[in-house]
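Understanding the architecture of this molecule
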Amino acid sequence: MLAARAGAGQGRAVASSADPLIRLRNVTKAYGSGATQFQALKGVDLDIQAGDFVAVMGPSGSGKSTTMNILGCLDVPTAGEFLFKGVHIERLDRDQRALLRRKYLGFVFQGFNLLARTSALENVELPLLYRGDEKKARRALAMGALEKVGLDQWWDHTPGELSGGQQQRVAIARAIVTQPDVLLADEPTGNLDSERSVEIMELLTDLNRASNITVLMVTHEPDMAAFARTVVHFKDGLVERIERGHQQGVVPEMR
Amino acid sequence: MGGTILLLALRSIARHKLRSFLTILGIIIGVGAVVTMVTLGKATTAAVQSQISALGTNILQIRPGQGFGRGGGGPRPPDFKPADVTAIANQVAGVTAVAPQAQATATAIYEGANWSTTVNGTTDASFTVQPWPLVAGRRWTPAEEQAGKAVCIIGNTVRQNLFRGGQAVGQRFRIGPISCDIIGVLSTRGQAGFGGDQDDVVAMPIKAVQRRFTGNRDVRLMLVGVDQAYSTAAVQASIQDLLRERRNITQGKDDDFFIFDTKQISDTLTGTTTLLTRIVAAVAAISLVVGGIGIMNIMLVSVTERTREIGIRLAIGAVAREVLMQFLVEAVALSCLGGLIGLVIAQLVILAITPLMQVPFLFDPQINVIAFATSAIIGVVFGYFPARRAASLNPIDALRHE
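Residues numbered from 1 in each chain as written. Chains lettered and ligands numbered in written order. Predicted model: local features only at pLDDT ≥ 70, side-chain atom pairs only at ≥ 80, totals over all residues. Heavy atoms only, no water.

Let us now look at the packing of helix 4 (residues 120-131) of chain A against helix 6 (residues 164-176) of chain A. All names here are of chain A. Viewed as axis vectors pointing N to C, helix 4 and helix 6 meet at an angle of 30 degrees, and their least axial separation amounts to 7 Å. As judged from the angle between their axes, helix 4 and helix 6 are roughly parallel. Judged by the twist between their axes, the crossing of helix 4 over helix 6 is right-handed. Facing helix 4, whose interface residues are Ala120, Asn123, Val124 and Pro127, helix 6 presents Val170, Ala173 and Arg174. Among the residues forming the contact of helix 4 with helix 6, the class breakdown is 5 nonpolar, 1 polar and 1 charged. (Axes fitted to C-alpha atoms, helices over the stretch in contact; angles between N-to-C directions. Helix = DSSP H or I, 4+ residues; strand = E, 2+ residues; numbered from the N terminus. Parallel < 35°, antiparallel > 145°, perpendicular 65-115°, else oblique. Left-handed = near helix turned anticlockwise from the far one by under 90°. Contact = heavy atoms within 4.5 Å. Nonpolar A, V, L, I, M, F, W, Y, C, P; charged D, E, K, R; others polar.)

In structure tokens:
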């Protein structure tokens, strides 16, 4: 629905199969104005193909989070083009972007960001509520998503009753319950010990392969980036280099 | 869509029970106070009206003096004369009957029992002007009235004190200087609105009282029945003119008698209680507004506290309107809940208080509906601002909020 609406005014057809799922062209982002203006992105070009597993790396202030916010349709570029499935996202308004997130994107955060005092099932159901699914369909899809992350036995537990790793699994279930095209993960293992981190990364890898979900992940841990197929390095508001066809399991080299 | 939003709001309320309760406490008290006050006010008005209407409508009472009190000092104005009674009955249009009264106090004695009571000399008209049926016996005949025979009709209090449960009609008892045959017993009237037991009375023909008790032919009080077709105010004015003339009151001087209209008193008292009800209700309404501000405060705090939650909702695809509606519906649901609890508490309080106030319990649908609607409107008005604030949050900032 949104793609049709957003695409209608653009006179441009849906992207052909050769086009990347995501295309950034000369994207800049400035915060503030005048003397205190800060240029977070200085002209980023980036193509991401459907089905890829991308790790975004770089020191803090390099622009990786800003880029993720733009890719997640949570923020808009100051200038430049952002095409998602051939649609100019920078031309969409706030609510159109929200509907796009609802339909095509799933989010996993460092701090899990589950609703407190709310059962795992209800947390996972939340996106379906906004989508307007019936109760029965909601239950079934949410339980299915919990099963995928191996927590269907824990459906009635609240975040307070779950470990960090389990909470992040619930968050992943919430992100994939709508069967999105893209899963955006912002340092998903940042709050977890290494053992749990590996479990989460294996889960993401599995989802990427089995469900063909494009995964975009911000991380500063090379061990985690090792799970990705493409590693994008950011520096000073620009893409420094891209390791394409990165062999999964190999720790990317840091410069 | 609407069902989803309502579900989200109700879940959120259920998840924060204590906070929800504290939020709506102001509304509970406000609605409870308004409904209680207005209902009790109406019940009081109804009670006053029923007491006044027990005195009879379309009746004028005429007394010497300038009010119920003695007033001022100086010599007491003279009582009325029998000729005044006849004059009013015959010369004023719209008068159906005039019942004169002459009063004395005396001790009634029957066998061992004695009881101090009021002797009320009157005519048969008094039983019809101000309807007062008998429960036993008969009224006196015109012949007995004319002759001033010692026949008595006693009030229930007197009957109880002299005869206990026994038969009173047909007995002869002693009252003051005379012996009197009891021919009837009056029905119970109860306490008068202004205190005093209306049933503590012995009625007999006025001539008997004048001859044997007061020793003169004066009339202390007149009850005038007014024809329904006439305005009591007009009849009152005519009587006033007539009495001024008969009592030789020169122009510019005040009346030395006063006429009061039971309907007028009823209207005045009703007006007073209605006004008081409104004032108290207005004060209670202020607490309702304060309750609304309480809701706004808590909702604003809640928006701040739940910033991250709002960020999550926005990130997973809630549009601004959905977040706004969620908070608005939450505020309205809370205030409506408060309103409902307030209504229930009000009914309980009314149920508990009405017997103490000796007024009838009554359920007034109108004020309940108004108070409930007001609580809903308060939810909308005071919930809108916090809701708009929540909806306008930037999802990135909201997610970062600690």
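Residue and element names in this part refer to chain B. What the rule picks out here adds up to 1 disulfide over all chains. The residue that forms a disulfide with Cys152 is Cys180, at a sulfur-sulfur distance of 1.9 Å. Across the S-S bond linking Cys152 and Cys180, the dihedral sits near 115 degrees, which makes this disulfide right-handed. Of this pair, Cys152 sits in strand 5 (residues 151-154) while Cys180 sits in strand 7 (residues 178-186), placing them 28 residues apart in sequence. (Disulfide = S-S within 2.5 Å.)

Take the UniProt feature "domain: ABC3 transporter permease C-terminal" (unreviewed entry) in chain B next. Under the UniProt annotation, "domain: ABC3 transporter permease C-terminal" (unreviewed entry) lies at residues 282-395 of chain B. Spanning residues 282-395 of chain B, this segment combines 87% helix with 0% strand, and its end C-alpha atoms are found 43 Å apart. (UniProt positions renumbered as here; feature names shortened; annotations may be inferred.)

Let's shift gears to unusual backbone geometry. All names here are of chain A. Even without being glycine, Asn26 reaches a positive phi, approximately 50 degrees. In this structure, Asn26 sits in strand 1 (residues 22-31). Backbone geometry places Lys85, a non-glycine residue, at a positive phi of 55 degrees. Secondary-structure assignment places Lys85 in the loop between strand 4 (79-84) and strand 5 (87-88).

Bringing the interface of chain B and chain A into the picture now. Taken together, the 27 residues of chain B in the interface contact 26 residues of chain A. Roughly 2,300 Å² of surface becomes buried between chain B and chain A when both sides are summed, with 56% attributable to carbon and sulfur atoms. Joining chain B to chain A, the criterion identifies 4 salt bridges. A salt bridge links Glu122 of chain A to Arg11 of chain B, with the nearest nitrogen and oxygen atoms 3.6 Å apart. In this assembly, chain B and chain A are joined by 12 residue pairs in polar contact (both at pLDDT 80 or more). (Buried area = accessible area lost by both parts, 1.4 Å probe. Salt bridge = Lys/Arg side-chain N within 4 Å of Asp/Glu carboxyl O. Polar contact = N/O pair within 3.5 Å; in protein donor to acceptor, adjacent residues only side chain to side chain.)

To continue, consider the confidence of the model for chain B. Residues of chain B with pLDDT of at least 70 account for 95%, and the chain-wide mean is 86. Mean pLDDT across the secondary structure elements of chain B bottoms out at helix 1 (residues 2-15) of chain B, with 80, and peaks at strand 5 of chain B, with 93. (pLDDT = per-residue confidence, 0-100.)

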